[in-house]
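Here are the chains, one letter per residue:
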Amino acid sequence: MTLQYALELVGTFVFAISGALAIREREHDLFGAGFTGFITAIGGGTLRDILLDSYPLVWIGDIYFLYAILLGVLAAFIFPNFLSQLRKTFFLFDTLGIGFFTVLGVEKALSLGVRPEIAAIMGMFSAVMGGVIRDTLTNEIPILFRKEIYASACLAGAILYLLLNYLGLDRDLNLLISMSMVISIRLVAVKYKLSLPRLD
Amino acid sequence: MTLQYALELVGTFVFAISGALAIREREHDLFGAGFTGFITAIGGGTLRDILLDSYPLVWIGDIYFLYAILLGVLAAFIFPNFLSQLRKTFFLFDTLGIGFFTVLGVEKALSLGVRPEIAAIMGMFSAVMGGVIRDTLTNEIPILFRKEIYASACLAGAILYLLLNYLGLDRDLNLLISMSMVISIRLVAVKYKLSLPRLD
Amino acid sequence: MTLQYALELVGTFVFAISGALAIREREHDLFGAGFTGFITAIGGGTLRDILLDSYPLVWIGDIYFLYAILLGVLAAFIFPNFLSQLRKTFFLFDTLGIGFFTVLGVEKALSLGVRPEIAAIMGMFSAVMGGVIRDTLTNEIPILFRKEIYASACLAGAILYLLLNYLGLDRDLNLLISMSMVISIRLVAVKYKLSLPRLD
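Nothing here was measured: the structure is a model prediction, and the numbers come from that model.

Student: Would you mind showing me how to read the pattern of salt bridges here?
Tutor: The tally for this structure, following the rule as stated, stands at 18 salt bridges over all chains. Close ionic contact of Asp135 of chain A with Arg134 of chain A constitutes a salt bridge, the shortest N to O distance being 3.2 Å. Its salt-bridge partner being Glu107 of chain C, residue Arg171 of chain C comes within 2.6 Å of it at the nearest N-O pair. Pair noted here: Arg171 of chain C is in helix H10 (residues 171–191) and Glu107 of chain C is in helix H6 (residues 87–111), with a separation of 64 residues, a long-range link. Glu107 of chain C sits in the buried class, given a relative accessible area of 16%. When salt bridges that share partners are traced, they join Arg48, Asp49 and Lys108 of chain A into one network.

Student: Before we go on, may I ask you to explain the interface of chain B and chain A in this structure?
Tutor: As a measure of interface size, the accessible area lost when the parts come together is often cited. Contacts between the two partners involve 31 residues from chain B and, on the opposite side, 29 residues from chain A. Buried surface at the junction of chain B and chain A, summed over both partners, amounts to about 2,700 Å²; 71% is from carbon and sulfur atoms. Where chain B packs against chain A, one counts 0 salt bridges. In this structure, the connection of chain B to chain A is made through 4 residue pairs in polar contact (both at pLDDT 80 or more). The greatest single-element share of the side of chain B that touches chain A, amounting to 9 residues, is contributed by helix H2 (residues 30–51) of chain B.

Student: Sorry, what's going on with the interface of chain A and chain C here?
Tutor: In this assembly, 31 residues from chain A lie in contact with 29 residues from chain C. Together chain A and chain C conceal approximately 2,700 Å² of surface at their shared face, both sides included; 72% is due to carbon and sulfur atoms. Taken as a group, Phe31, Phe35 and Leu137 of chain A account for 23% of the area that chain A buries against chain C, more than any other trio of residues on that side. Linking chain A with chain C are 0 salt bridges. Those elements that place two or more of their residues in the side of chain A that touches chain C are helix H2 (30–51), helix H3 (58–61), helix H4 (64–78), helix H5 (80–85) and helix H7 (116–137) of chain A. Sorting elements by how many residues they give to the side of chain A that touches chain C places H2 of chain A first, with 9 residues.

Student: What is the right way to look at the relation of the copies chain A and chain C in this model?
Tutor: Between the two copies of the chain lies a rotation about an axis combined with a shift along it. Each copy superposes on the other: chain A lies on chain C with an RMSD of 0.0 Å after a rotation of 120° and an axial shift of 0.0 Å. In short, the pair behaves as if placed about a three-fold rotation axis. By residue overlap, the copies meet through two different surfaces: only 13% of the interface positions of chain A are interface positions in chain C.

Student: Would you mind going over the UniProt feature "transmembrane region" (unreviewed entry) in chain A with me for this structure?
Tutor: All names here are of chain A. Following the UniProt record, one finds the feature "transmembrane region" (unreviewed entry) at residues 6–23, 30–51, 63–83, 118–137, 149–169 and 175–194. Spanning residues 118–137, this segment combines 100% helix with 0% strand, and its end C-alpha atoms are found 26 Å apart. Between the first and last C-alpha atoms of residues 149–169 the distance is 27 Å; the span itself is 76% helix and 0% strand.

Student: How should the packing of aromatic side chains be read in this particular structure?
Tutor: The relative placement of two aromatic rings is captured by the distance of their centres and the angle of their planes. In total, this model carries 24 aromatic pairs over all chains according to the counting rule given. Aromatic side chains Phe125 of chain B and Phe38 of chain C sit 6.3 Å apart centroid to centroid with 70° between the ring planes, which places their arrangement in the edge-to-face category. Highlighted residues: Phe125 of chain B in helix H7 (residues 116–137) and Phe38 of chain C in helix H2 (residues 30–51), drawn from two different chains. Residue classification places Phe38 of chain C among the buried residues on the basis of a relative accessible area of 7%. Following the ring pairs from residue to residue traces out a cluster consisting of Phe31, Phe35, Phe38 and Trp59 of chain A together with Phe125 of chain C. One residue, Lys191 of chain A, lies across the ring of Tyr192 of chain A, its end atom 5.8 Å from the ring centre.

Student: Sorry, what's going on with the nonpolar core here?
Tutor: One recurring pattern in soluble globular proteins: nonpolar side chains tend to sit buried together. The biggest cluster of nonpolar side chains holds 172 residues, and the ones touching the most others in it are Phe35 and Trp59 of chain A, Trp59 of chain B together with Phe35 and Trp59 of chain C. With sequence-adjacent residues up to four places away left out, Trp59 of chain C is seen in contact with Leu51, Ile118 and Met122 of chain B together with Phe38, Ile42, Thr46 and Phe65 of chain C. Within the second largest apolar cluster, 9 residues are counted, among which are Ile17, Ala20, Ala76 and Leu83 of chain C.

Student: Would you mind showing me how to read unusual backbone geometry here?
Tutor: With glycine set apart, most residues show a phi of negative sign, and most peptide bonds adopt trans. In this structure, Pro56 of chain B follows Tyr55 of chain B across a cis peptide bond, with omega equal to -5°. With respect to the helices, strands and loops of the structure, Pro56 of chain B is situated in the loop between H2 and helix H3 (58–61). Positive phi is not limited to glycine here, since Asp53 of chain A has a value of about 55°. Assignment of secondary structure puts Asp53 of chain A in the loop between H2 and H3. For Asn139 of chain A, which is not glycine, the phi dihedral falls at a positive 65°. Of note, Asn139 of chain A is situated in the loop between H7 and helix H8 (143–146).

Student: Is there a simple way to explain the relation of the copies chain B and chain A in this structure?
Tutor: Mapping chain B onto chain A calls for a screw motion: a turn of 120° about the axis and a shift of 0.0 Å along it, with 0.0 Å RMSD after fitting. Mapped onto chain A, only 13% of the interface residues of chain B again fall at the interface, so the copies present different surfaces.

Student: Would you explain the packing of helix H1 (residues 2–22) of chain B against helix H4 (residues 63–78) of chain B in this entry?
Tutor: Pairs of packed helices are described in terms of their axes, by the angle between the two and the distance that separates them. All names here are of chain B. In contact at an axis separation of 8 Å, H1 and H4 are set at 40° when each is read in the N-to-C sense. When the axis of H1 is compared with that of H4, the two are oblique. As H1 runs across H4, the sense of the crossing is right-handed. For the pair formed by H1 and H4, the contact residues are Tyr5, Glu8, Leu9, Thr12, Phe13, Ala16, Ile17, Ala20 and Leu21 on the first element and Tyr64, Phe65, Ala68, Ile69, Leu71, Gly72, Val73, Ala75 and Ala76 on the second. Of the residues that constitute the contact of H1 with H4, the class distribution is 15 nonpolar, 2 polar and 1 charged.

Rules and cut-offs
- Counting starts from 1 at the beginning of each chain's written sequence and moves along it residue by residue.
- Key to labels: chains lettered from A, ligands numbered from 1, both in the order written.
- Under the rules for a predicted model, residues below a pLDDT of 70 receive no local features and side-chain atom pairs below 80 are neither given nor counted, while totals for whole chains, interfaces and linings still include all residues.
- Heavy atoms throughout the structure, all of them, feed into the side-chain values; hydrogens and water do not.
- By convention in these notes, a salt bridge is any Lys or Arg side-chain nitrogen within 4 Å of a carboxyl oxygen on Asp or Glu.
- Secondary structure elements are taken from DSSP: a helix is a run of H or I of four residues or more, a strand is a run of E of two residues or more, and numbering for both begins at the N terminus.
- Three labels apply to residues, based on accessible area from a 1.4 Å probe with only protein chains included: buried if under 20% of the type maximum, exposed if over 50%, partly exposed otherwise in between.
- Here, residues are in contact when the closest pair of their heavy atoms is within 4.5 Å.
- Accessible-area loss on putting two parts together, using a 1.4 Å probe and summing over both, is the definition of buried area adopted here.
- Here a polar contact is recorded for every N or O atom pair within 3.5 Å, except that within protein the pair must consist of a potential hydrogen donor and a potential acceptor, and residues adjacent in sequence are included only if both atoms are side-chain atoms.
- Copy-to-copy superposition: least squares on the C-alpha atoms, limited to residues that have pLDDT of at least 70 in both copies.
- UniProt positions are given in the numbering used here, feature names are shortened, and annotations may be inferred rather than shown by experiment.
- Two aromatic rings, drawn from Phe, Tyr or Trp (for Trp, its six-membered ring), form a pair once their centres lie within 6.5 Å of each other, and the interplanar angle then sorts them: stacked below 30 degrees, edge-to-face above 60, tilted otherwise.
- By the criterion adopted, a ring carries a charge over it if an Arg CZ or a Lys NZ lies within 6 Å of its centre and within 35 degrees of its normal.
- For the purposes of this section, nonpolar cores are sets of buried Ala, Val, Leu, Ile, Met, Phe, Trp, Tyr and Cys residues that join through side-chain atoms within 4.5 Å.
- Lines fitted to the C-alpha atoms define the axes, with helices restricted to the stretch that makes contact. Angles between their N-to-C directions range from 0 to 180 degrees.
- The labels follow the angle: roughly parallel below 35 degrees, roughly antiparallel above 145, roughly perpendicular from 65 to 115, and oblique for the rest.
- If you view the pair so one helix is near and one far, a crossing is left-handed when the near helix is turned anticlockwise from the far one by less than a right angle, and right-handed when it is turned clockwise.
- Just so you know the grouping, Ala, Val, Leu, Ile, Met, Phe, Trp, Tyr, Cys and Pro go in nonpolar, Asp, Glu, Lys and Arg go in charged, and all remaining residues, Gly too, go in polar.

Here's what the structure looks like:
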């Protein structure tokens, strides 16, 4: 529990950094960068909780999430060059992050009593919608529509979690396996530039 | 009641197809197409229910809506060319759909106790906001701002429904008349390329 | 109290006008202009109240806000040239408006029992997110990312209000001082073309 909570704060911190750095090349000032860092970090979980009517929202009920975001944005302000050079490290963090938040999102949705099909969607939303909202606000084509297999990796991991959960697998083991699924699909897809077929 | 429920599922199915096909020309993969089909189908009703604090959301409380969407997306995957050739048929379906969902949206809002002015807005939102959210996410100018008389036809139908309802007209008859109003305005506007005047 | 309520209605009216006129140069018809006027006027407060689970939404619970918006949109329809020539006056009104709605947003959030850090964010959201949503829907880069010091002025005013409130200052006096803070920062920033540093 304490480990999971710590990981949630670290994940929020990392999402805030990557959100703030994402708009670096453009005409945005410090405030704009902080704002996008904030939106990236809270967007997915906020959308999930509004759709499921689960209040108070995580970052409103527990102020430490806001502090994790402020720290992330501050880090992006103070060390932008250093952090940008860590691009590969961040890609790894982001990949770990979407795996982690997917599974937590599925668990939260299940705990609120929805059906597994809905929980799978909520898990994916938790992981990717922060980036989608950020991209929409900044007039970019959302990552979801651009990148090699991204949100679909989350959906696959969410479905695996639900399946193993249904089969009665131990929760911690399931969490580890399903996260690894998301992460592996994403890493392999990026390495070999795999993408899903297009409609035509 | 059973007829209405069946029509709601069919309407959701059709909206999902048209949403999935809407992005066909662009760089989106199968997942992106499915995602936009989903957003198009649920967006309007979801926004209405969040604004009115009506939970659980329709597609979360009743899993058949999700299945109707999955079927629609699947159909768009398997028969994209066939369905695209049905463009005229789809235009008709879409027009029937916005008429139908406008009136249902008005009724739902009224049943939640809001004033008629608010119910009219909610009826229009139910019908058109799915497409607006889809267009916003995919970086298009929303249909609302492009097309000949579209959302305004929904608003006119919503207001007619409220008027006839106030005058005590039988509900089924009113539903039919008000839907026809939306549909006629839209068809006539498209046929004769009518549009509202612009500000200048 | 009555003065505050009147000011809220006037602020809503002015935001609706500026929203409707904001898209004038583009291909939008009257309906599109009315729609953006509506979104601009209600967007910020609606987002705040959804995030804080505060229902009914202000404009749904009190119909006079909708009438204020309709009047604003109507005014924009009838006197577009006259009102556009008042650009400077509107800039002033908009500046007064964001100052006023920032402080009211902070107060509402506090009254709902959230921590001051969250209340500051909600104050800023109340003032600026209507414009952000409008710009996102119409495919513009949101004002937040473009303008000289805008949302950051609201955040500064919100923090000042919270500080003075914590120090026990009289509420009306605090409201006046904090609003003036937002307004002064904004006016000085525009006059001298000040902006926050960028990340680089």
